[in-house]
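Structural features, examined
Each chain is listed here by its residues.
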Amino acid sequence: GAPPDGWSSSALSEGIESGRAHIVLLGTPDECATVIAETVDPVDAPERMPLQLLETGLVLGEFSSNAVALVLNPNLETWAAQGLPVSMRVLDADGNEIEIASGLATLLPGQTSAVLGFLTTSGKPKGLDVSFEGADFNWVPSELAADVLEIRRVETKADDVMGFVTTGRVRNLGEAPVDGVGLYVVHRNKAGKLIGAEFTFVESIPAGGAVPFEVPNLSGVKRKQVADTEIYYQLSSVL
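Quantities reported herein were computed from a predicted structural model and do not represent experimental measurements.

Rules of the game
- Residues numbered from 1 in each chain as written.
- Predicted model: local features only at pLDDT ≥ 70, side-chain atom pairs only at ≥ 80, totals over all residues.
- Heavy atoms only, no water.
- Helix = DSSP H or I, 4+ residues; strand = E, 2+ residues; numbered from the N terminus.
- Buried < 20%, exposed > 50% of the residue type's maximum accessible area, 1.4 Å probe, protein only.
- Areas by Shrake-Rupley, 256 points an atom, 1.4 Å probe, with all protein chains shown as cover.
- Pairing = 2+ DSSP bridges.
- Axes fitted to C-alpha atoms, helices over the stretch in contact; angles between N-to-C directions.
- Phe/Tyr/Trp six-rings, centres within 6.5 Å; stacked < 30°, edge-to-face > 60°.
- Lys NZ or Arg CZ within 6 Å of the ring centre and 35° of its normal.
- Salt bridge = Lys/Arg side-chain N within 4 Å of Asp/Glu carboxyl O.
- Contact = heavy atoms within 4.5 Å.

**Some details on the overall build of the protein**
Scanning the protein for helices and strands turns up two helices and 13 strands. The buried share among the 239 residues of the protein stands at 46%. Total accessible area on the protein is roughly 12100 Å²; 50% of this is exposed by carbon and sulfur atoms.

**Concerning the pairing of strand β4 (residues 97-107)**
Pairing of strand β3 (residues 79-91) with β4, which is carried by nine bridges, proceeds in the antiparallel orientation. Within the sheet, the bridge partner assigned to Ala81 lies in β4 and is Leu107. The antiparallel pairing of β3 with β4 creates a hairpin that spans five residues between the two strands, and Gly95 there sits at a positive phi of about 85°.

**Concerning the sheet that holds strand β11 (residues 194-205)**
The three strands are arranged β11-β10-β13 in an open sheet whose pairing can be described as antiparallel. Of all strands in the sheet, those with a lone pairing partner are β11 and β13 (228-235), marking the two edges. Ignoring strand direction, the axes of neighbouring strands in this sheet form an average angle of 20°.

**Quick look at the sheet that holds strand β9 (residues 163-172)**
Here three strands make up an open sheet; going across it, the order is β8-β9-β12 and the pairing antiparallel. Edge positions in the sheet fall to β8 (149-159) and β12 (210-216), since each has one partner strand and no second. Pairs of neighbouring strands in the sheet enclose a mean axial angle of 20°, with direction left out of account. Pairing of β9 with β12, which is carried by seven bridges, proceeds in the antiparallel orientation. Residue pairing for β12: Thr167 is matched across the bridge by Glu214.

**A look at the packing of aromatic side chains**
With the rule as written, the count across this model stands at one aromatic pair. Ring centres 5.0 Å apart and planes at 55° place the aromatic pair Tyr184 and Phe199 in the tilted group. Residue Tyr184 is found in strand β10 (residues 178-188), and its partner Phe199 is found in strand β11; the two are separated by 15 residues along the sequence. Taking relative accessible area as the criterion, Tyr184 reaches 12% and is therefore assigned buried. With a relative accessible area of 41%, Phe199 lands in the partly exposed category. Arg48 extends its terminal NZ or CZ atom over the ring of Trp79, reaching a point 5.8 Å from the ring centre.

**Here's the deal with the pattern of salt bridges**
Scanning all chains against the criterion turns up six salt bridges. Linking Glu150 and Arg152 is a salt bridge whose minimum nitrogen-to-oxygen distance equals 2.5 Å. Given a relative accessible area of 29%, Glu150 falls into the partly exposed group. Salt bridges sharing common partners tie together Glu55, Arg188 and Glu230.

**Here we look at the environment of Met162**
Locating Met162 in the fold gives a position in the loop between β8 and β9. Distance in space between the C-alpha atoms of Met162 and Phe63 is 9.7 Å, their sequence separation being 99 residues.

**Looking at the environment of Ala146**
On the secondary structure map, Ala146 appears in the loop between β7 (139-141) and β8. Classification of Ala146 as partly exposed rests on a relative accessible area of 23%. The spatial distance from the C-alpha of Ala146 to the C-alpha of Gln111 is 5.0 Å, given a sequence separation of 35 residues. The contacts of Ala146, once residues within four sequence positions are left out, are Leu108, Pro109, Gly110, Gln111 and Tyr233.

**Focus on unusual backbone geometry**
For Thr78, which is not glycine, the phi dihedral falls at a positive 70°. By secondary structure assignment, the location of Thr78 is in the loop between β2 (65-72) and β3. For Arg153, which is not a glycine, the phi torsion comes out positive at approximately 55°. Of note, Arg153 is situated in strand β8. When its relative accessible area of 62% is taken as the criterion, Arg153 is described as exposed.

What is shown is where atoms sit, not what they do.
Below, the structure written as structure tokens:
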């Protein structure tokens, strides 16, 4: 069964020695998360808090439309969210549901990131209702820090096809390689409103190394409309 709330991390080696953690190497991500959580000890455990919704927005672009949610993992130690489902109900001006977009949140302790849900509706979305639908196995102990990656040299550069692209470098400040990093680009206008959102994927970043990235402007926003660009990341796995 899934572990109760309030368990803290302990040595995974004990679970391996007892034979309880062998599927960490062979199972699905959900099975791995469950087994790791089952090897923790209920000793001096911080209380586990749910994800917090910081901001929502709708980006209705020429090439791509997205529901956007900025999400915080308020647990400053121990608890990381691993592939936690995020439901995003898209509403019209009268509060009626148009469609439901979905995304996943994988957040280290104390980390803030963006979640994007692709929209297919031809209606007129005006609002967004976001909820988190994860189970106990979507929470696992992690020793990684939220600042294990650093985003540098972010620029918007003119592009003949897409109007502009967003470029930069992502550096791994940790002592081990990081594989599978999702980068989420959020653009704001002078009033601070979300007007653009895109996603790209970086396959691998060596320990202490940095790799470049380039994200096309699929939202169709004009470069002169962009007053600020924020970039968030999510690891594919915190295990």
